[in-house]
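# Structural overview for review
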Protein chains: 2
Amino acid sequence: MKKLMLALLGITLAGGAAAQMKPEEAIKFRQSAYATMAWNMQRIKANVEGAYNQDEVIKAANVIQSIANSGMGALYLPGTDKGKGWEKTRVKPALFTDKEQVGKLATNFNREANEMAKVAATGDAAAAKIQFGKLGETCKACHDDFRIKE
Amino acid sequence: MKKLMLALLGITLAGGAAAQMKPEEAIKFRQSAYATMAWNMQRIKANVEGAYNQDEVIKAANVIQSIANSGMGALYLPGTDKGKGWEKTRVKPALFTDKEQVGKLATNFNREANEMAKVAATGDAAAAKIQFGKLGETCKACHDDFRIKE
């Protein structure tokens, strides 16, 4: 009946899949996305500090870029400030209230992730090393402000 | 000393970061990458079955495409046929031996993931629905052959 009412009102929940997502699922998905980026940051690090394989760095940078631009904010649903996905969330309550700082750090991260993918495509190992450092700083800035230390 | 020997021999392990990865880390990373793709498959599903938001589908398809092309095979290290990442791995032993079938299914998955991103970019909702079905079939084919049922 509720479904019918929503249909009659022209309201669809389908576009907002996140609205149907359980809190523990949202936490699991964001932990997964961060871990996937961590894997690829490790790959870039190994390449800029050791033998540089352009193809490896491009693949890794593309993963980070696509996740950075995926709209992960949708996974920070109300009710996901506490709880467990794969493990207990380490998000600080401030992430849900300090919109201005979150927005600023997210914008910085997106910009550097996009730039990392651009630099990777050129094959310039020295530039990739510098850009990797800049990107890592934007990760750290968010961890410092919004992630509980282990 | 071993490090020095390797350096003298001109051998570097840095390019193969996976070689330094612990088995549990490799399992965690692949579980994370699959979960990240599952999140984005859910997003595409919600869009092709409900209100279609082109931007949402593009973002989701780009994540799946980048992970499909990331070289996840490197995470199937020797010694990761058993063990725990976020949870106990569900990989079947055959994945480590049946190279031909793994290669075939991986090629199919990559092709359809690349096509999904292309179709998403056009904004054609009907075509996206068809392509989503094709992509899902390639996921299922690999689960059927190489993932232990829950």
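Residues numbered from 1 in each chain as written. Chains lettered and ligands numbered in written order. Predicted model: local features only at pLDDT ≥ 70, side-chain atom pairs only at ≥ 80, totals over all residues. Heavy atoms only, no water.

### A look at the overall build of chain A
Within chain A, the regular secondary structure consists of five helices and zero strands. Across chain A, helices and strands are ordered from the amino to the carboxyl terminus as α-α-α-α-α. Considering only residue pairs separated by 6 or more positions, chain A has 73% of its internal contacts joining residues 24 or more positions apart. Accessible surface, chain A as shown: approximately 8100 Å² in total, 58% of it carbon and sulfur. (Helix = DSSP H or I, 4+ residues; strand = E, 2+ residues; numbered from the N terminus. Contact = heavy atoms within 4.5 Å. Areas by Shrake-Rupley, 256 points an atom, 1.4 Å probe, with all protein chains shown as cover.)

### Thoughts on the packing of aromatic side chains
In this structure the tally under the stated criterion is three aromatic pairs over all chains. Between Trp86 of chain A and Trp86 of chain B the ring centres are 5.7 Å apart and the planes differ by 15 degrees, which places this aromatic pair in the stacked class. Linking Trp86 of chain A in the loop between helix H3 (54-68) and helix H4 (99-122) with Trp86 of chain B in the loop between helix H3 (54-68) and helix H4 (99-122), this pair reaches from one chain into another. (Phe/Tyr/Trp six-rings, centres within 6.5 Å; stacked < 30°, edge-to-face > 60°.)

### Some thoughts on the relation of the copies chain B and chain A
Superposing chain B onto chain A requires a rotation of 180 degrees together with a translation of 0.0 Å along the rotation axis, leaving an RMSD of 0.0 Å. Both chain copies can therefore be described as sitting about a two-fold axis. Minimal C-alpha distance to the rotation axis in chain B is attained by Ser32 of chain B, lying at 2.1 Å. Both copies contact each other with a shared surface, as 100% of the interface residues of chain B are interface residues in chain A too. (Least-squares fit on C-alpha atoms with pLDDT ≥ 70 in both.)

### A closer look at the nonpolar core
In this structure, Ile44 and Met116 of chain A together with Ile44 and Met116 of chain B are the most contacted members of the largest nonpolar core, which totals 56 residues. Elements with a contribution of two residues or more to this core: helix H2 (23-49), H3, H4 and helix H5 (125-146) of chain A together with helix H2 (23-49), H3, H4 and helix H5 (125-146) of chain B. Discounting residues that sit within four places of it in the chain, Ile44 of chain A has contacts with Val57, Ala60, Ala61, Ile64, Met116 and Phe132 of chain A. (Core = buried A, V, L, I, M, F, W, Y, C linked by side-chain atoms within 4.5 Å. Buried < 20%, exposed > 50% of the residue type's maximum accessible area, 1.4 Å probe, protein only.)

### Considerations on the pattern of salt bridges
Residues and elements named next belong to chain A. Counted by the stated rule, this structure contains twelve salt bridges over all chains. Here Glu49 ties to Lys45 by a salt bridge, and the two come within 3.4 Å at their closest N and O atoms. On the criterion of helical spacing, the pair formed by Glu49 and Lys45 is a turn pair, its members being four residues apart in helix H2. Take Glu49: its relative accessible area is 53%, and that puts it in the exposed class. One salt bridge in this structure joins Asp55 and Lys59, with 3.4 Å as the shortest N-O distance. Taken together, the residues Asp55 and Lys59, both in helix H3 and four residues apart, mark about one turn of the helix. Look at Asp55 and you get partly exposed, because its relative accessible area is 44%. (Salt bridge = Lys/Arg side-chain N within 4 Å of Asp/Glu carboxyl O.)

### A word on the interface of chain B and chain A
Residue-level contacts link 32 residues of chain B with 32 residues of chain A. When chain B packs against chain A, the two sides together hide about 2600 Å² of surface, and 68% of this comes from carbon and sulfur. The largest per-residue losses of area from chain B upon contact with chain A belong to Phe29, Trp39 and Trp86 of chain B, which jointly make up 26% of the total buried on that side. When contributions to the side of chain B that touches chain A are tallied by element, the ones reaching two or more residues are H2 and H3 of chain B. Looking at which element gives the most residues to the side of chain B that touches chain A, the answer is H2 of chain B, with 13 residues. (Buried area = accessible area lost by both parts, 1.4 Å probe.)

### Topic: the confidence of the model for chain A
All names here are of chain A. Here chain A averages 90 in pLDDT, while 87% of its residues score no lower than 70. Under a pLDDT of 50 for its full length, residues 1-15 has, in the predicted model, nine contacts with residues more than four places off or in other chains. Confidence metrics for the complex model read pTM 0.89 and ipTM 0.88. (pLDDT = per-residue confidence, 0-100.)

### Comments concerning the side chain of Thr36 of chain A
Note on placement: Thr36 of chain A falls in helix H2. According to the relative accessible area criterion, Thr36 of chain A is buried, its value standing at 0%. Polar side-chain contacts of Thr36 of chain A include one of 3.3 Å to the backbone nitrogen of Ala33 of chain B. Within the structure, the side chain of Thr36 of chain A is placed 3.3 Å from the side chain of Thr36 of chain B, a separation counted as a polar contact. Each residue touching Thr36 of chain A, except ones within four places of it in the same chain, is listed here: Val63 and Ile67 of chain A together with Ser32, Ala33, Thr36 and Ile67 of chain B. (Polar contact = N/O pair within 3.5 Å; in protein donor to acceptor, adjacent residues only side chain to side chain.)

### Regarding the environment of Lys28 of chain A
All names here are of chain A. Mapping Lys28 onto the fold places it in helix H2. By relative accessible area, which is 28% here, Lys28 ends up partly exposed. C-alpha of Lys28 to C-alpha of Leu75: the two residues are 47 residues apart in sequence and 9.2 Å apart in space. In this structure, Lys28 is in contact with Gly85 and Trp86, ignoring residues within four places of it in sequence.

### Thoughts on the packing of H2 of chain A against H3 of chain A
All names here are of chain A. Where H2 contacts H3, the two axes come as close as 9 Å, and the packing angle between them is 150 degrees. With respect to H3, the element H2 is oriented roughly antiparallel. For the pair H2 and H3, the sense of crossing is left-handed. For the pair formed by H2 and H3, the contact residues are Ala33, Thr36, Met37, Asn40, Met41, Arg43, Ile44 and Asn47 on the first element and Glu56, Val57, Lys59, Ala60, Ala61, Val63, Ile64, Ile67 and Ala68 on the second. (Axes fitted to C-alpha atoms, helices over the stretch in contact; angles between N-to-C directions. Parallel < 35°, antiparallel > 145°, perpendicular 65-115°, else oblique. Left-handed = near helix turned anticlockwise from the far one by under 90°.)

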